[in-house]
Amino acid sequence: MKFIINSKIFVQFGSVNIGVVVARNIDNSGISDEIEILTRTEEKRIQSDFIPETLSQDPKINCWRKAYSSFGFKPKEAKSSVENLYKMVTRGIEIKRINKLVDIYNYICLKHMVPVGGEDIDKMSGDLCLGYALNEKPVKILGDNEPESPRDGEVIYKDDAGTICRCWNWREADRSKLTPATQNAILVIEDMTPVTRDQILSATNELAQLISIYCGGTTEEFILDESHCQIQF
């Protein structure tokens, strides 16, 4: 199985780095009080440093607004996963505990202010690709009642079975979501200027370490960029 980034992504968006952690033979059952403590600490920091009214002006948030706008999405239609989490926190809403993997990547998102997501490898079909939608079939997104097709030109993650995540990192498909039964997973951390490669390296390493501590199994780390836009996993 491969993870492949369409080379046009780098032409359109410039310096993009994607940190990847592949976790295998993990135990994702139960929840962790330690992860919750880490998350609540970050929530308090964010509430003291940010307010909802000016959050969109932060360069690490605004870069994703500009990216979404370039393929036709307005902020009222879709917000990046990192903006959605920060909006919730600045409004005093605690991030819900889901399962260990999701809780860990939400913590990493809050701490490093970058989008983070993950998929169950065993629910995927064929290679994972980050590219552009074209005549895609309808996909049921988490939280939606009815499936809907991505718009042509929208940046999406997909495999041979269809869309996995819409609007780059907005919302993921129900089909490949992480659950307590997940044993093998791929997680991605996305950056765009002003986030640096060193910051992504640090976040990717921390993500892998936390998965090892709380879920066991084995992890591999990768960084994808314009000069290295695919991996085998």
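Read on for a plain summary of the structure. Just so it is clear, the model here is predicted, and its values are computed rather than measured.

What follows is about unusual backbone geometry. Cis rather than trans, the peptide bond between threonine 193 and proline 194 has omega equal to 20°. Looking at the element boundaries, proline 194 is found in the loop between strand E8 (185–192) and helix H6 (197–215). Residues other than glycine seldom take positive phi values, yet cysteine 167 does so here, at roughly 50°. Within the chain, tryptophan 168 stands out as a residue other than glycine whose phi angle is a positive 65°. Looking at the secondary structure, you find tryptophan 168 in the loop between strand E6 (162–166) and strand E7 (171–172). Tryptophan 168 sits in the buried class, given a relative accessible area of 0%.

A few words on the packing of aromatic side chains. As enumerated under the stated definition, the model contains eight aromatic pairs in all. Pairing phenylalanine 13 with tryptophan 168 gives two aromatic rings, centres 5.0 Å apart and planes at 70°, and the pair type is edge-to-face. Here phenylalanine 13, found in helix H1 (residues 8–13), pairs with tryptophan 168, found in the loop between E6 and E7; they are 155 residues apart in sequence, far enough to count as distant. Ring geometry for phenylalanine 50 against tyrosine 86: centres 5.5 Å apart, planes inclined by 90°, an arrangement best described as edge-to-face.

Turning next to the nonpolar core. Formed by 72 residues in total, the largest nonpolar core has its most connected members in Phe3 and Trp168. Here this core gets eight residues from one element, more than from any other, and that element is helix H5 (residues 100–112). Once you skip the residues sitting within four places of it in the chain, phenylalanine 3 turns out to touch Ile18, Val20, Leu128, Leu130, Tyr157, Ile186, Val188, Leu224, Cys229, Gln230, Ile231 and Phe233.

In contact at an axis separation of 10 Å, H5 and H6 are set at 150° when each is read in the N-to-C sense. Taken together, the axes of H5 and H6 are roughly antiparallel relative to one another. Note that H5 runs across H6; the crossing there is right-handed. Contacts between H5 and H6 pair Lys100, Leu101, Ile104, Tyr105, Tyr107, Ile108, Lys111 and His112 from the former with Gln199, Ser202, Ala203, Glu206, Leu207, Leu210, Ile211, Tyr214 and Cys215 from the latter.

Tallied over the entire structure, the rule returns 17 salt bridges. A salt bridge links aspartate 144 to arginine 171, with the shortest nitrogen-to-oxygen separation between them at 2.6 Å. Pair noted here: aspartate 144 is in the loop between strand E4 (128–132) and strand E5 (155–159) and arginine 171 is in strand E7, with a separation of 27 residues, a long-range link. Since its relative accessible area comes to 23%, arginine 171 is described here as partly exposed.

Packing of helix H2 (residues 33–49) against H5 leaves a shortest axis separation of 9 Å and a crossing angle of 25°. Viewed along their axes, H2 and H5 adopt a mutual orientation that is roughly parallel. Of the two elements, H2 crosses H5, and the hand of that crossing is left-handed. When H2 is examined against H5, the residues Ile35, Leu38, Thr39, Glu42, Glu43, Arg45 and Ile46 are found in contact with a partner set consisting of Lys100, Asp103, Ile104, Tyr107, Leu110 and Lys111. A class-by-class count of the residues in the contact of H2 with H5 yields six nonpolar, one polar and six charged.

Reading guide: rules and limits
- Residues numbered from 1 in each chain as written.
- Predicted model: local features only at pLDDT ≥ 70, side-chain atom pairs only at ≥ 80, totals over all residues.
- Heavy atoms only, no water.
- Helix = DSSP H or I, 4+ residues; strand = E, 2+ residues; numbered from the N terminus.
- Buried < 20%, exposed > 50% of the residue type's maximum accessible area, 1.4 Å probe, protein only.
- Phe/Tyr/Trp six-rings, centres within 6.5 Å; stacked < 30°, edge-to-face > 60°.
- Core = buried A, V, L, I, M, F, W, Y, C linked by side-chain atoms within 4.5 Å.
- Contact = heavy atoms within 4.5 Å.
- Axes fitted to C-alpha atoms, helices over the stretch in contact; angles between N-to-C directions.
- Parallel < 35°, antiparallel > 145°, perpendicular 65-115°, else oblique.
- Left-handed = near helix turned anticlockwise from the far one by under 90°.
- Salt bridge = Lys/Arg side-chain N within 4 Å of Asp/Glu carboxyl O.
- Nonpolar A, V, L, I, M, F, W, Y, C, P; charged D, E, K, R; others polar.

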